[in-house]
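A structural walkthrough
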Amino acid sequence: AFLWLIFFSIVPMFGIIMAFEDYNPGLGMLKSPFIGLENFRYMLQISDVRQAIVNTVIIAVAKIIGNIIVPLTFAILLNELCLKKIKRPIQTIVYMPHFLSWVILAKIVLNIFGYTGPINQILGFFGQDPVQFFGEPSLFRPLVIGTDIWKSFGWGSILYLSTISSIDPGLYESAKIDGANRLQRCWYVTLPHLSNLIIIQLIFSIGGLLGSNTELILLLYVPATYSTADVIGTYVYRDGLMGGRFSYGTAVGIFTSMINFTLLFITNKISTKVADYGIW
């Protein structure tokens, strides 16, 4: 694990110097002309970067909210299920998308919401015109956010279910004797025991706020949806790597990492002050 950390996380950090150079692959990182903060100044002047940041924040915030609320709700509902024999089959079914690659999931979503897919066939049955889901900018974000939540909520519920299973059953019995109904027992017994876990999940999620699902978006978006679909990761890939502007792409990546670290630090500080709980 230590060797993995060195070769894949520490050694590549040397490439940061490209952000301060006019990088030329023929000259290499050590001999390319040094231009200081010029790449960062240029980045802040481009409207495409600002739009990518806005798109990233919107998608990331929606994903954070959804990936906390949906797994939490699912875990509580599953725990309250009276028919215990069907709990395990339900868990197995909702875990399955987690083990599929983004390529397979993207293909499934493309087939379901495609122009001739089942969703449009249902709309046609009710007399509605087919919808170009992946060509309509206003529909792209909900599709990406929904796909991400669908993939991860089953796996994310494992932590909540394991924590719920460790709660003393006597607390539920006491609350029941005091007249608390099932909803009140969830609110006053279950949720307080999950608060620390929710905080940790929130801190880690905010720490990667600007790292929105680049892989999924790359597989789904088209030029018509760039206005709402283009996030920092896709912008760096398209303009920095595919466009051959390696120094500029590195500068955007560093800028994103700095913001992520700042948000992580601030969130942890607030959590420590308010809830007396943090990751350090």
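Here we summarise the structure given alongside this text. (Residues numbered from 1 in each chain as written. Predicted model: local features only at pLDDT ≥ 70, side-chain atom pairs only at ≥ 80, totals over all residues. Heavy atoms only, no water.)

**Quick look at the layout of surface pockets**
- Roughly 550 Å³ of volume is contained in the largest pocket.
- In terms of lining, the largest pocket is formed by 25 residues, of which the most central are Lys63, Asn67, Asp148, Ser152 and Ser205.
- Of all the secondary-structure elements, those providing two or more residues to the lining of the largest pocket are helix H3 (47–79), helix H7 (137–165), helix H9 (182–207) and helix H10 (214–220).
- Sorting elements by how many residues they give to the lining of the largest pocket places H7 first, with seven residues.
- Put simply, the second largest pocket is a space of about 320 Å³.
- Taken together, 14 residues line the second largest pocket, and the ones lying closest to its centre are Asn79, Glu80, Lys84, Tyr172 and Arg185.
- Listed by contribution, the elements that provide at least two residues to the lining of the second largest pocket are H7, helix H8 (169–177) and H9.
- With four residues, H8 is the largest single contributor of residues to the lining of the second largest pocket. (1 Å grid on protein atoms, 1.4 Å probe; cavity = no way out; pocket = protein on both sides within 12 Å on 5 of 7 lines; lining within 4 Å. Points joined across faces, edges and corners; volume = space filled by probe spheres on them. Helix = DSSP H or I, 4+ residues; strand = E, 2+ residues; numbered from the N terminus.)

**Some details on a nonpolar patch on the surface**
- Among the surface-exposed residues, Phe2, Leu3, Trp4, Leu5, Phe7, Phe8, Ile10 and Val11 lie close enough to one another that they form a single nonpolar patch of about 940 Å² accessible area.
- Here tryptophan 4 shows up in helix H1 (residues 2–10). (Patch = residues over 30% accessible without salt bridge, like charges linked within 9 Å, V, L, I, M, F, W, Y side chains within 5 Å. Areas by Shrake-Rupley, 256 points an atom, 1.4 Å probe, with all protein chains shown as cover. Salt bridge = Lys/Arg side-chain N within 4 Å of Asp/Glu carboxyl O.)

**Digging into the nonpolar core**
- Of all hydrophobic cores here, the largest spans 56 residues; its most connected members are Phe140, Val144, Tyr160, Ile217, Leu220 and Tyr248.
- Among the elements that make up this core, the one with the highest residue count is H3 (11 residues).
- Ignoring any residue separated from it by four or fewer positions in sequence, one finds leucine 220 in contact with Ala106, Leu110, Phe134, Phe140 and Val144. (Core = buried A, V, L, I, M, F, W, Y, C linked by side-chain atoms within 4.5 Å. Buried < 20%, exposed > 50% of the residue type's maximum accessible area, 1.4 Å probe, protein only. Contact = heavy atoms within 4.5 Å.)

**Thoughts on the packing of helix H5 (residues 102–113) against helix H6 (residues 118–125)**
- Interhelical geometry of H5 versus H6 gives an angle of 15° and a closest axis separation of 4 Å. On the basis of the axis angle, H5 is roughly parallel to H6. Across from Asn111, Ile112 and Phe113 in H5, the residues of H6 making contact are Pro118, Ile119 and Asn120.
- Residues of the contact of H5 with H6, tallied by class, amount to four nonpolar, two polar and no charged. (Axes fitted to C-alpha atoms, helices over the stretch in contact; angles between N-to-C directions. Parallel < 35°, antiparallel > 145°, perpendicular 65-115°, else oblique. Nonpolar A, V, L, I, M, F, W, Y, C, P; charged D, E, K, R; others polar.)

**What to know about the packing of aromatic side chains**
- Scanning the model with the defined rule gives 12 aromatic pairs in all.
- Taking the centre distance of 5.3 Å and the plane angle of 85° together, the rings of phenylalanine 99 and tryptophan 155 count as edge-to-face. Of this pair, phenylalanine 99 sits in the loop between helix H4 (87–95) and H5 while tryptophan 155 sits in helix H7, and the two are 56 residues apart along the sequence.
- When its relative accessible area of 58% is taken as the criterion, phenylalanine 99 is described as exposed.
- Among the aromatic residues, ring-to-ring pairing joins Tyr42, Tyr235 and Tyr248 into one connected group.
- The side chain of lysine 151 reaches across the aromatic face of tryptophan 102, ending 4.9 Å from its centre. (Phe/Tyr/Trp six-rings, centres within 6.5 Å; stacked < 30°, edge-to-face > 60°. Lys NZ or Arg CZ within 6 Å of the ring centre and 35° of its normal.)

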